[in-house]
Amino acid sequence: MILINRDNDIVTNNNDLELLFTIKNFPVYYGCADDCFSPDNDIHCDLNFYISKSSGMVQINPLISLDILYGKNHSPGVVGKIWFDHHNQFCSFISRYNPKKVYEIGGGSGTLASTYVNTYNIDWTIIDPLSITNKKVKVINEFFTNKTELENDVDVFVNSHVLEHIYNPSEFFNHLSNIPMGKKLIFSVPNIQHGIEQKYTNAMGFEHTYFCTHEYITYWLNNNGFRLLETYDFLNHSRFYATEKTENLPAIECPNLYEKNKKLFMEFISFHRKNIQELNQKLESSVVPTFLFGGHIFSQFLVAMGLNTNRIDFVLDNNKDKNNHRLYGSNLIVKSPEILSSYVNPQIILQAGPYTDEIKDGLININATATFLL
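Just so we're clear, the structure is a prediction, and the values are computed from it rather than from any experiment.

## Considering the nonpolar core
If you look at the biggest cluster of nonpolar residues, it comprises 113 residues, and the most contacted ones within it are Trp 124 and Phe 206. With 8 residues, the single largest contributor to this core is helix H7 (residues 258–284). In this view, Phe 206 contacts Phe 26, Pro 27, Val 28, Tyr 30, Cys 45, Asp 46, Leu 47, Ile 60, Pro 62, Ile 64, Leu 69 and Tyr 167; residues no more than four positions away in its chain are not counted.

Next up, the structure:
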């Protein structure tokens, strides 16, 4: 099974979804293919943005089955200074609560766990089917589900950039509400609202499948017995939450942000329609070598929206594991940015959300004659 239908609002469970926009034939895997040949065997699906009339939640439907979407590790969140600083600051945030035993949901590359256990003497367990980490960390290689047993002797349950990937966040918080009173739930989520406002190409899609914002998060937390202790904003990149399982919290009403969110998302779509039109016009009249940055969703979004790939020489990516592989869903081959040193006045399409400035500085260090289409 490739597709999973999500026909009801994930907040209210009402059957009141309104279609906002469809990006046709979007690649279902965010990363690179193992082969460098034809993309004929790559899987595509329409990326449909819906909004709930009762809550204003924007969500993707249908969803991609997890074994396809996360069939292999595409190494998100492991390259670059921003991620390095995020993990260090999130570790400091967690350390304020002096945990003795941590259970991390969705540890991914294991970078957060390794950062923490290399500084603090602690018992740390990850549950993630693809996690790799050091010998100080216990790994359970499976997905976290509503049937996963919650260990009662854990001080703190942690997740970092996982909540936005959860297909049923109401169910997720409901299951976590079974942890003992006084235990902590501490997590980091991307600032998706800022991402949509700034028109970031990685803000939502088959991996970030709903508009995971503060209003909805606090609703789920409160109504599942989690008292909010504090939040911390890491740049405009992420927000950290520290919560505690508590008895007798009064219920709060579900937010309804329909008008606000619909306007925001229609502006997002209008921007990218115009963005692609302008990029293609510039490419049509250009005679310099042209590159596209990102062996990931940054590029796949632009291609799916209609970017003319015939005028692009290569995709660039700082992750060495992606070099000389094919961008999934396209014919484009990924190369190391170091190849820029062989070109005169290269032109680079760089629309990498909050990482754009950091990446741009690195590319200029390789070739000071480079120009950018931002």
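After that view of the structure, there is still more to cover.
## A short note on the pattern of salt bridges
Counted by the stated rule, this structure contains 12 salt bridges. A salt bridge links Asp 46 to Lys 24; the nearest nitrogen and oxygen atoms lie 2.8 Å apart. Of this pair, Asp 46 sits in strand E4 (residues 44–52) while Lys 24 is found in strand E2 (residues 17–27), placing the two residues 22 residues apart along the sequence. For Asp 46, a relative accessible area of 22% corresponds to the partly exposed category. For the salt bridge of Arg 227 with Glu 244, the shortest nitrogen-to-oxygen distance reads 2.8 Å. Taken together, the residues span a long stretch of sequence, with Arg 227 in strand E12 (residues 226–234) and Glu 244 in strand E13 (residues 238–245) at a distance of 17 residues. The buried category is assigned to Glu 244, whose relative accessible area is 17%.

## Let's talk about the sheet that holds strand E11 (residues 184–190)
A sheet is described by the order of its strands in space; here 7 strands give the open sequence E9-E8-E7-E10-E11-E13-E12, paired in mixed fashion. Strands with a single pairing partner mark the edges of an open sheet, and in this sheet they are strand E9 (137–140) and E12. Direction aside, neighbouring strands of the sheet carry axes that sit 20 degrees apart on average. Relative to E13, E12 is paired through 8 bridges, and the arrangement is antiparallel. Note on E13: the bridge partner recorded for Phe 226 is Lys 245.

## Concerning the environment of Val 315
For Val 315, the location among the structural elements is in strand E15 (residues 314–316). Each C-alpha atom of the pair Val 315 and Val 334 lies 4.5 Å from the other, and the pair is 19 residues apart in sequence. Once residues lying within four places of it in the same chain are set aside, the contact partners of Val 315 are Leu 292, Gly 294, Gly 295, Ser 299, Leu 327, Leu 332, Ile 333, Val 334 and Lys 335.

## Observations regarding helix H8 (residues 297–304)
Summarising burial for H8: 6 of the 8 residues are buried, a large majority. Turning to H8, its buried residues number three or more, namely Ile 297, Phe 298, Ser 299, Gln 300, Phe 301 and Leu 302. Buried residues in H8 make contact with E2, H7, strand E14 (290–293), E15, strand E16 (326–327) and strand E18 (347–349). Backbone geometry just after H8 places Gly 306 at a positive phi near 120 degrees.

## Section: the pairing of strand E10 (residues 156–160)
Most of E10 sits inside the fold, with 5 of its 5 residues counted as buried. In E10, alternate side chains face the same way, and those of Val 156, Val 158 and Ser 160 on one face and Phe 157 and Asn 159 on the other are all buried. Alignment of strand E7 (residues 101–105) against E10, held across 3 bridges, turns out to be parallel. Pairing of Val 102 across the sheet is with Val 156, part of E10. For E10 and E11, the ladder comprises 5 bridges, and the chain directions are parallel.

## Observations concerning helix H2 (residues 81–95)
Here H2 contains 15 residues, and its C-alpha end-to-end distance of 21 Å stays within 8% of the 21 Å for a straight helix at 1.5 Å per residue. For H2, the complete set of buried residues consists of Ile 82, Trp 83, His 86, His 87, Phe 90, Cys 91, Phe 93, Ile 94 and Ser 95.

## Things to note about the side chain of His 237
Mapped onto the fold, His 237 is located in the loop between E12 and E13. Residue class for His 237 comes out buried when judged on its relative accessible area of 5%. Within the structure, His 237 has its side chain in polar contact with the side chain of Tyr 355 (distance 2.8 Å). Aside from chain neighbours lying at most four places away, what touches His 237 is Ile 82, Trp 83, His 86, His 161, Val 189, Pro 190, Asn 191, Pro 354 and Tyr 355.

## Points about the sheet that holds strand E19 (residues 371–373)
With parallel pairing, 5 strands are arranged side by side in an open sheet as E17-E15-E14-E18-E19. Looking at the sheet topology across the chains shown, the edges are occupied by strand E17 (334–335) and E19. Across 3 bridges, the pairing between E14 and E18 is parallel. Counterpart to Phe 291 in the pairing with E18 is Ile 348.

## Regarding the packing of aromatic side chains
Under the defined criterion, the tally for this structure stands at 26 aromatic pairs. Aromatic pair Phe 291 and Tyr 343: ring centres 5.0 Å apart, planes at 80 degrees, arrangement edge-to-face. Here Tyr 343 lies in the loop between E17 and E18 and Phe 291 lies in strand E14, a separation of 52 residues in the sequence. By relative accessible area, Tyr 343 is classed as partly exposed at 24%. An aromatic cluster is built from Phe 26, Tyr 30, Phe 49, Phe 206, Phe 211, Phe 265, Phe 268 and Phe 301, whose rings are joined through pairwise contacts. Lying across the ring of Phe 271, Lys 199 places its NZ or CZ 6.0 Å from the centre.

## Focus on the state of the cysteines
In this structure the tally under the stated criterion is 0 disulfides. Cys 212 takes part in no disulfide bond, and the closest cysteine sulfur to it belongs to Cys 254, at a distance of 14 Å.

The rules we used
The written sequence of each chain sets the order in which its residues are numbered from 1. Selection of residues for local features in this predicted model requires a pLDDT of at least 70, selection of side-chain atom pairs for listing and counting requires 80 or more, and totals for whole chains, interfaces and linings are taken over all residues. To get the side-chain values, all heavy atoms of the structure are used, and hydrogens and water are removed first. To qualify as a nonpolar core, a set must consist of buried Ala, Val, Leu, Ile, Met, Phe, Trp, Tyr and Cys residues joined through side-chain atoms within 4.5 Å. Only protein chains enter the accessibility calculation, which uses a 1.4 Å probe; a residue is then buried when its area is under 20% of its type maximum, exposed when over 50%, and partly exposed in between. Under the scheme used here, helices are H or I runs from DSSP no shorter than 4 residues and strands are E runs no shorter than 2 residues, and both carry numbers assigned from the N terminus. Should any heavy atoms of two residues lie within 4.5 Å, those residues are counted as being in contact. Any Lys or Arg side-chain nitrogen found within 4 Å of a carboxyl oxygen on Asp or Glu counts as a salt bridge. Paired strands are those between which DSSP finds at least two bridges. All axes here are fitted lines through C-alpha atoms, helices being fitted over the stretch that makes contact, and every angle between N-to-C directions spans 0 to 180 degrees. Given a helix with a known number of residues, its expected span is that number minus one, times 1.5 Å. Definition of a polar contact: a pair of N or O atoms within 3.5 Å, with one able to donate and the other able to accept a hydrogen when the atoms are protein atoms, and with sequence-neighbouring residues admitted only if both atoms are side-chain atoms. Stacked, tilted and edge-to-face are the three classes applied to pairs of Phe, Tyr and Trp rings, where Trp contributes its six-membered ring and a pair requires centres within 6.5 Å; stacked means planes under 30 degrees apart, edge-to-face means over 60, and tilted covers the rest. Whether a charge sits over a ring depends on NZ of Lys or CZ of Arg being within 6 Å of the ring centre and within 35 degrees of the ring normal. Two cysteine sulfurs form a disulfide in these notes if their separation is within 2.5 Å.

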